[in-house]
Amino acid sequence: MDIEALFGLSGKVVLVTGASSGIGLHIANVYAQAGAKVALAARRRDRIERAVAELGQHGYSAVGVYLDVTDSASIASAFQAAESHFGAGIDVLYNNSGMIYQKPFLEQEETEIARLFDTNLKGAMLVAQEAARRMAMRGSGAIINIASTAGLRAGGMLSSYGASKAALIQLTRVMALELASKGIRVNAICPGNIETDMQESLKAFEQALIRRTPMKRFGKAEDLDGVSLLLASDAGRYMTGAAIPVDGGQALAWM
Ligand SMILES: NC(=O)c1ccc[n+]([C@@H]2O[C@H](COP(=O)([O-])OP(=O)(O)OC[C@H]3O[C@@H](n4cnc5c(N)ncnc54)[C@H](OP(=O)(O)O)[C@@H]3O)[C@@H](O)[C@H]2O)c1
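Okay, so let's go over this structure. Because the structure is predicted, anything quoted here is derived from the model rather than measured.

1. Side note on a nonpolar patch on the surface
Here is step 1: A grouping of Met1, Ile3 and Phe7 is seen on the molecular surface, where their side chains present a nonpolar patch of about 370 Å² in accessible area.
Here is step 2: Note that Phe7 resides in helix α1 (residues 3–7).

Here it is, written out as C-alpha coordinates:
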(Lines give C-alpha, C1' and ligand atoms only; values in the text may rest on other atoms or scores of the structure.)
Protein backbone atom coordinates (compact mmCIF):
# COMPACT_ATOMS: atom_id res chain seq x y z
CA MET A 1 0.00 0.00 0.00
CA ASP A 2 1.25 3.49 -0.86
CA ILE A 3 0.52 5.38 2.36
CA GLU A 4 1.72 8.71 0.90
CA ALA A 5 -0.71 8.42 -2.03
CA LEU A 6 -3.53 7.38 0.31
CA PHE A 7 -3.28 10.45 2.57
CA GLY A 8 -1.69 12.78 0.02
CA LEU A 9 -3.38 15.53 -2.01
CA SER A 10 -1.09 15.65 -5.01
CA GLY A 11 -2.71 17.57 -7.87
CA LYS A 12 -5.86 18.37 -5.88
CA VAL A 13 -7.23 21.90 -5.67
CA VAL A 14 -8.32 22.95 -2.16
CA LEU A 15 -10.09 26.10 -1.02
CA VAL A 16 -9.73 26.98 2.68
CA THR A 17 -11.96 29.69 4.15
CA GLY A 18 -10.77 31.55 7.25
CA ALA A 19 -7.23 31.04 5.98
CA SER A 20 -5.99 34.41 7.28
CA SER A 21 -5.34 33.06 10.80
CA GLY A 22 -5.56 30.17 13.26
CA ILE A 23 -6.77 26.77 12.12
CA GLY A 24 -7.43 27.78 8.50
CA LEU A 25 -3.97 29.28 7.97
CA HIS A 26 -2.33 26.22 9.53
CA ILE A 27 -4.34 23.67 7.53
CA ALA A 28 -3.74 25.60 4.27
CA ASN A 29 -0.01 24.99 4.93
CA VAL A 30 -0.59 21.31 5.73
CA TYR A 31 -2.59 20.78 2.54
CA ALA A 32 0.12 22.54 0.51
CA GLN A 33 2.74 20.23 2.06
CA ALA A 34 0.51 17.27 1.11
CA GLY A 35 0.78 18.35 -2.55
CA ALA A 36 -2.42 20.37 -3.01
CA LYS A 37 -2.81 23.63 -4.89
CA VAL A 38 -4.34 25.84 -2.22
CA ALA A 39 -6.65 28.85 -2.45
CA LEU A 40 -6.56 30.82 0.80
CA ALA A 41 -9.78 32.75 1.38
CA ALA A 42 -10.83 35.37 3.97
CA ARG A 43 -11.47 39.12 4.29
CA ARG A 44 -8.06 40.37 5.59
CA ARG A 45 -6.02 40.82 2.41
CA ASP A 46 -2.72 41.68 4.11
CA ARG A 47 -2.67 38.42 6.05
CA ILE A 48 -3.69 36.31 3.06
CA GLU A 49 -1.09 38.01 0.84
CA ARG A 50 1.63 37.32 3.45
CA ALA A 51 0.60 33.65 3.77
CA VAL A 52 0.54 33.14 -0.01
CA ALA A 53 3.98 34.77 -0.37
CA GLU A 54 5.42 32.46 2.33
CA LEU A 55 3.94 29.37 0.68
CA GLY A 56 5.37 30.54 -2.66
CA GLN A 57 8.83 30.93 -1.10
CA HIS A 58 8.68 27.25 -0.08
CA GLY A 59 7.76 26.28 -3.63
CA TYR A 60 4.10 25.54 -2.96
CA SER A 61 1.26 26.47 -5.27
CA ALA A 62 -1.07 28.96 -3.57
CA VAL A 63 -3.35 31.86 -4.41
CA GLY A 64 -5.23 34.38 -2.28
CA VAL A 65 -8.93 34.96 -2.92
CA TYR A 66 -11.10 37.33 -0.97
CA LEU A 67 -14.56 36.74 0.41
CA ASP A 68 -16.93 37.70 3.15
CA VAL A 69 -19.03 34.60 3.87
CA THR A 70 -22.02 36.84 4.60
CA ASP A 71 -21.91 38.12 1.00
CA SER A 72 -22.87 35.49 -1.60
CA ALA A 73 -21.52 37.52 -4.55
CA SER A 74 -18.06 37.62 -2.96
CA ILE A 75 -18.22 33.84 -2.39
CA ALA A 76 -18.98 33.18 -6.07
CA SER A 77 -16.20 35.45 -7.27
CA ALA A 78 -13.66 33.90 -4.88
CA PHE A 79 -14.41 30.40 -6.21
CA GLN A 80 -14.24 31.71 -9.78
CA ALA A 81 -10.89 33.39 -9.12
CA ALA A 82 -9.44 30.23 -7.54
CA GLU A 83 -10.61 27.97 -10.36
CA SER A 84 -9.37 30.41 -13.03
CA HIS A 85 -5.98 30.70 -11.33
CA PHE A 86 -5.41 26.94 -11.14
CA GLY A 87 -7.28 26.12 -14.37
CA ALA A 88 -9.12 23.35 -12.53
CA GLY A 89 -12.14 22.87 -10.28
CA ILE A 90 -12.08 22.82 -6.47
CA ASP A 91 -11.71 19.24 -5.22
CA VAL A 92 -11.80 19.98 -1.49
CA LEU A 93 -13.48 22.74 0.51
CA TYR A 94 -12.23 23.34 4.07
CA ASN A 95 -15.24 25.34 5.30
CA ASN A 96 -13.66 26.98 8.31
CA SER A 97 -14.56 30.71 8.57
CA GLY A 98 -16.28 31.46 11.83
CA MET A 99 -16.68 33.80 14.81
CA ILE A 100 -17.55 33.57 18.48
CA TYR A 101 -18.84 35.72 21.28
CA GLN A 102 -19.75 34.75 24.81
CA LYS A 103 -22.70 36.30 26.57
CA PRO A 104 -25.50 35.17 28.84
CA PHE A 105 -28.56 34.14 26.84
CA LEU A 106 -30.70 36.95 28.26
CA GLU A 107 -28.20 39.69 27.31
CA GLN A 108 -27.70 38.96 23.63
CA GLU A 109 -28.85 41.57 21.17
CA GLU A 110 -30.61 40.85 17.90
CA THR A 111 -27.83 42.37 15.77
CA GLU A 112 -25.07 40.22 17.33
CA ILE A 113 -27.20 37.06 17.15
CA ALA A 114 -27.85 37.77 13.46
CA ARG A 115 -24.18 38.44 12.71
CA LEU A 116 -23.06 35.19 14.33
CA PHE A 117 -25.64 33.04 12.54
CA ASP A 118 -24.98 34.85 9.25
CA THR A 119 -21.29 33.94 9.58
CA ASN A 120 -21.23 30.50 11.23
CA LEU A 121 -24.34 28.94 9.73
CA LYS A 122 -25.72 30.83 6.72
CA GLY A 123 -22.21 31.78 5.59
CA ALA A 124 -20.91 28.21 5.90
CA MET A 125 -24.01 27.00 4.05
CA LEU A 126 -23.59 29.48 1.18
CA VAL A 127 -19.90 28.59 0.79
CA ALA A 128 -20.74 24.86 0.82
CA GLN A 129 -23.50 25.42 -1.77
CA GLU A 130 -21.12 27.24 -4.09
CA ALA A 131 -18.57 24.44 -3.74
CA ALA A 132 -21.11 21.63 -4.09
CA ARG A 133 -22.67 23.10 -7.26
CA ARG A 134 -19.24 23.18 -8.89
CA MET A 135 -18.25 19.71 -7.58
CA ALA A 136 -21.58 18.21 -8.73
CA MET A 137 -20.84 19.25 -12.32
CA ARG A 138 -17.62 17.19 -12.16
CA GLY A 139 -19.12 14.35 -10.09
CA SER A 140 -16.62 14.43 -7.21
CA GLY A 141 -15.50 16.44 -4.21
CA ALA A 142 -15.03 16.56 -0.46
CA ILE A 143 -16.41 19.19 1.90
CA ILE A 144 -15.14 19.54 5.47
CA ASN A 145 -17.22 21.74 7.76
CA ILE A 146 -15.50 23.05 10.87
CA ALA A 147 -18.03 22.76 13.68
CA SER A 148 -17.13 22.53 17.40
CA THR A 149 -17.61 20.45 20.54
CA ALA A 150 -19.83 23.40 21.50
CA GLY A 151 -22.25 21.96 18.93
CA LEU A 152 -22.21 18.57 20.68
CA ARG A 153 -22.62 19.59 24.31
CA ALA A 154 -23.89 22.65 26.20
CA GLY A 155 -21.35 25.35 27.05
CA GLY A 156 -22.39 28.27 29.25
CA MET A 157 -22.64 31.67 27.54
CA LEU A 158 -22.33 29.98 24.15
CA SER A 159 -26.00 29.69 23.20
CA SER A 160 -25.62 31.40 19.80
CA TYR A 161 -22.24 29.86 19.00
CA GLY A 162 -23.27 26.38 20.21
CA ALA A 163 -26.58 26.49 18.34
CA SER A 164 -24.83 27.62 15.13
CA LYS A 165 -22.32 24.75 15.36
CA ALA A 166 -25.01 22.15 16.28
CA ALA A 167 -26.91 23.29 13.20
CA LEU A 168 -23.75 23.01 11.10
CA ILE A 169 -23.34 19.39 12.25
CA GLN A 170 -26.93 18.63 11.22
CA LEU A 171 -26.39 20.47 7.93
CA THR A 172 -23.34 18.23 7.36
CA ARG A 173 -25.50 15.10 7.73
CA VAL A 174 -28.23 16.32 5.38
CA MET A 175 -25.70 17.51 2.80
CA ALA A 176 -23.98 14.11 3.02
CA LEU A 177 -27.30 12.38 2.40
CA GLU A 178 -28.24 14.56 -0.58
CA LEU A 179 -24.82 14.84 -2.19
CA ALA A 180 -23.54 11.25 -1.99
CA SER A 181 -25.16 10.40 -5.33
CA LYS A 182 -23.21 13.30 -6.91
CA GLY A 183 -19.88 11.92 -5.69
CA ILE A 184 -19.47 14.53 -2.96
CA ARG A 185 -18.50 13.53 0.59
CA VAL A 186 -19.39 15.89 3.44
CA ASN A 187 -17.97 15.56 6.95
CA ALA A 188 -17.52 17.79 9.99
CA ILE A 189 -14.64 18.21 12.42
CA CYS A 190 -15.61 19.24 15.96
CA PRO A 191 -12.53 20.78 17.58
CA GLY A 192 -12.39 21.37 21.31
CA ASN A 193 -10.42 24.33 22.64
CA ILE A 194 -7.64 24.99 20.15
CA GLU A 195 -5.02 27.70 20.83
CA THR A 196 -5.80 30.41 18.24
CA ASP A 197 -6.86 34.08 18.26
CA MET A 198 -10.42 32.87 18.92
CA GLN A 199 -9.34 31.39 22.25
CA GLU A 200 -8.14 34.80 23.47
CA SER A 201 -11.74 35.67 24.35
CA LEU A 202 -11.90 32.56 26.60
CA LYS A 203 -8.74 33.37 28.61
CA ALA A 204 -10.69 33.94 31.84
CA PHE A 205 -12.06 30.39 31.70
CA GLU A 206 -8.86 28.67 30.54
CA GLN A 207 -7.99 26.77 33.73
CA ALA A 208 -11.60 25.65 34.31
CA LEU A 209 -11.81 24.43 30.71
CA ILE A 210 -8.53 22.51 31.01
CA ARG A 211 -9.76 20.87 34.25
CA ARG A 212 -12.82 19.64 32.34
CA THR A 213 -10.70 18.22 29.50
CA PRO A 214 -9.82 14.54 30.10
CA MET A 215 -6.42 14.99 28.37
CA LYS A 216 -5.72 18.07 30.56
CA ARG A 217 -4.50 20.44 27.86
CA PHE A 218 -5.84 22.68 25.11
CA GLY A 219 -5.33 21.55 21.55
CA LYS A 220 -3.03 23.11 18.97
CA ALA A 221 -3.92 23.62 15.32
CA GLU A 222 -1.44 20.78 14.60
CA ASP A 223 -3.73 18.39 16.46
CA LEU A 224 -6.17 18.74 13.53
CA ASP A 225 -3.64 17.71 10.86
CA GLY A 226 -4.46 13.99 10.83
CA VAL A 227 -8.23 14.27 10.65
CA SER A 228 -8.03 17.10 8.09
CA LEU A 229 -5.84 14.97 5.80
CA LEU A 230 -8.02 11.90 6.34
CA LEU A 231 -11.25 13.64 5.34
CA ALA A 232 -9.72 15.45 2.34
CA SER A 233 -7.83 12.52 0.86
CA ASP A 234 -8.57 9.13 -0.62
CA ALA A 235 -8.04 7.65 2.85
CA GLY A 236 -11.51 8.96 3.74
CA ARG A 237 -13.18 7.74 0.56
CA TYR A 238 -15.95 5.75 2.34
CA MET A 239 -16.64 8.42 4.99
CA THR A 240 -19.53 10.83 4.71
CA GLY A 241 -21.86 12.47 7.24
CA ALA A 242 -19.43 12.02 10.15
CA ALA A 243 -18.89 14.67 12.85
CA ILE A 244 -15.56 13.87 14.45
CA PRO A 245 -14.57 15.39 17.80
CA VAL A 246 -10.89 16.35 18.13
CA ASP A 247 -10.98 17.66 21.64
CA GLY A 248 -8.87 15.70 24.13
CA GLY A 249 -12.07 13.98 25.26
CA GLN A 250 -14.04 17.17 26.11
CA ALA A 251 -17.21 15.98 24.39
CA LEU A 252 -17.24 12.87 26.60
CA ALA A 253 -17.04 14.66 29.90
CA TRP A 254 -20.02 15.90 31.84
CA MET A 255 -17.79 18.07 34.04
N1 LIG B 1 -10.09 27.82 18.32
C2 LIG B 1 -10.97 26.99 18.86
O3 LIG B 1 -10.88 26.63 20.04
C4 LIG B 1 -12.07 26.43 18.01
C5 LIG B 1 -12.82 25.37 18.57
C6 LIG B 1 -13.85 24.82 17.81
C7 LIG B 1 -14.14 25.32 16.56
N8 LIG B 1 -13.42 26.36 16.06
C9 LIG B 1 -13.78 26.86 14.75
O10 LIG B 1 -12.64 26.87 13.92
C11 LIG B 1 -12.81 27.87 12.91
C12 LIG B 1 -11.53 28.71 12.82
O13 LIG B 1 -11.37 29.40 14.04
P14 LIG B 1 -9.94 29.78 14.67
O15 LIG B 1 -9.89 29.22 16.02
O16 LIG B 1 -8.87 29.48 13.70
O17 LIG B 1 -10.13 31.35 14.88
P18 LIG B 1 -9.56 32.64 14.12
O19 LIG B 1 -8.08 32.61 14.13
O20 LIG B 1 -10.27 33.78 14.74
O21 LIG B 1 -10.05 32.43 12.61
C22 LIG B 1 -11.33 32.75 12.16
C23 LIG B 1 -11.24 32.90 10.67
O24 LIG B 1 -12.57 33.11 10.14
C25 LIG B 1 -12.49 34.16 9.20
N26 LIG B 1 -13.78 34.86 9.14
C27 LIG B 1 -14.51 35.34 10.17
N28 LIG B 1 -15.60 35.97 9.70
C29 LIG B 1 -15.54 35.88 8.34
C30 LIG B 1 -16.37 36.35 7.29
N31 LIG B 1 -17.48 37.06 7.52
N32 LIG B 1 -16.01 36.08 6.01
C33 LIG B 1 -14.89 35.37 5.75
N34 LIG B 1 -14.07 34.90 6.71
C35 LIG B 1 -14.39 35.16 7.98
C36 LIG B 1 -11.38 35.07 9.69
O37 LIG B 1 -10.80 35.77 8.59
P38 LIG B 1 -10.98 37.33 8.26
O39 LIG B 1 -11.25 38.05 9.53
O40 LIG B 1 -9.68 37.70 7.61
O41 LIG B 1 -12.12 37.37 7.28
C42 LIG B 1 -10.38 34.07 10.25
O43 LIG B 1 -9.49 33.65 9.25
C44 LIG B 1 -14.06 28.65 13.29
O45 LIG B 1 -15.16 28.20 12.53
C46 LIG B 1 -14.26 28.29 14.74
O47 LIG B 1 -15.61 28.41 15.15
C48 LIG B 1 -12.39 26.93 16.76
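2. Some points on the environment of Val65
Here is step 1: Position of Val65 among the secondary structure elements: in strand β3 (residues 62–66).
Here is step 2: Sequence-distant contacts of Val65, defined by excluding residues within four places in its chain, comprise Leu15, Ala39, Leu40, Ala41, Ala42, Ile48, Ala78, Ala81 and Ala82.

3. Quick word on the pairing of strand β2 (residues 37–42)
Here is step 1: Burial analysis of β2 places five of its six residues in the buried class, which makes it a mostly covered element.
Here is step 2: Two elements, strand β1 (residues 13–17) and β2, share five bridges in a ladder whose sense is parallel. Among the inter-strand pairings, Leu15 is bridged to a residue of β2, identified as Ala39.
Here is step 3: Following the chain from β1 across helix α2 (residues 22–33) to the adjacent parallel β2, one finds a crossover that is right-handed.
Here is step 4: Inspection of the sheet shows β2 paired to β3 by five bridges, in the parallel sense. Bridge assignment links Ala42 to a residue of β3, and that residue is Tyr66.
Here is step 5: Regarding the hand of the β-α-β motif, the stretch spanning β2, helix α3 (residues 45–57) and β3 is right-handed.

4. A word on the sheet that holds β3
Here is step 1: Strand order in the open sheet made by the seven strands is β3-β2-β1-β4-β5-β6-β7, with parallel pairing throughout. Single-partner strands in this sheet number two, and they are β3 and β7 (243–246). The average undirected angle you get between the axes of adjacent strands in this sheet is 20 degrees.
Here is step 2: Relative to β7, strand β6 (residues 184–191) runs parallel, the two being bridged by four bridges.

5. Concerning the site of the ligand
Here is step 1: Lining the immediate environment of the ligand, one finds 29 residues, of which Arg43, Tyr161, Ile194, Thr196 and Gln199 sit closest.
Here is step 2: The side chain of Arg44 places a nitrogen or oxygen atom 2.8 Å from an oxygen atom of the ligand.
Here is step 3: Val69 is positioned such that a nitrogen or oxygen atom in its backbone is 2.9 Å from a nitrogen atom of the ligand.
Here is step 4: With the chains in place, 94% of the 870 Å² that the ligand exposes on its own is no longer accessible.
Here is step 5: Broken down by secondary-structure element, the contributors of at least two residues to the shell around the ligand are α2 and α6 (159–179).
Here is step 6: Within the shell around the ligand, the residues separate by chemical class into 11 nonpolar, 13 polar and five charged.

6. Side note on the packing of helix α5 (residues 110–138) against α6
Here is step 1: Close contact between α5 and α6 brings their axes to 9 Å; oriented N to C, the two are set at 15 degrees. Regarding the angle of α5 to α6, the classification is roughly parallel. Crossing handedness for the pair α5 and α6: right-handed. Residues Ile113, Leu116, Phe117, Asn120, Leu121, Ala124, Met125, Ala128 and Ala132 of α5 form the contact with α6, whose own contacting residues are Ser160, Tyr161, Ala163, Ser164, Lys165, Ala167, Leu168, Leu171, Met175 and Leu179.
Here is step 2: Here the contact of α5 with α6 is composed, by residue class, of 15 nonpolar, three polar and one charged.

7. Digging into the packing of α2 against helix α8 (residues 225–232)
Here is step 1: Running from N to C, α2 and α8 point in directions that differ by 55 degrees, and their axes come no closer than 10 Å. The angle between α2 and α8 places the two elements in the oblique class. Like other packed secondary-structure pairs, α2 and α8 cross with a definite hand, here right-handed. Between α2 and α8, the residues in contact are His26, Ile27, Val30 and Tyr31 and Asp225, Ser228, Leu229 and Ala232, respectively.
Here is step 2: Along the lines of polarity and charge, the residues of the contact of α2 with α8 split into five nonpolar, two polar and one charged.

What counts, and at which threshold
Residues numbered from 1 in each chain as written. Predicted model: local features only at pLDDT ≥ 70, side-chain atom pairs only at ≥ 80, totals over all residues. Heavy atoms only, no water. Patch = residues over 30% accessible without salt bridge, like charges linked within 9 Å, V, L, I, M, F, W, Y side chains within 5 Å. Areas by Shrake-Rupley, 256 points an atom, 1.4 Å probe, with all protein chains shown as cover. Salt bridge = Lys/Arg side-chain N within 4 Å of Asp/Glu carboxyl O. Helix = DSSP H or I, 4+ residues; strand = E, 2+ residues; numbered from the N terminus. Contact = heavy atoms within 4.5 Å. Buried < 20%, exposed > 50% of the residue type's maximum accessible area, 1.4 Å probe, protein only. Pairing = 2+ DSSP bridges. Right-handed = clockwise from strand over helix to strand, strands pointing away. Axes fitted to C-alpha atoms, helices over the stretch in contact; angles between N-to-C directions. Near = heavy atom within 4 Å. Polar contact = N/O pair within 3.5 Å; in protein donor to acceptor, adjacent residues only side chain to side chain. Nonpolar A, V, L, I, M, F, W, Y, C, P; charged D, E, K, R; others polar. Parallel < 35°, antiparallel > 145°, perpendicular 65-115°, else oblique. Left-handed = near helix turned anticlockwise from the far one by under 90°.

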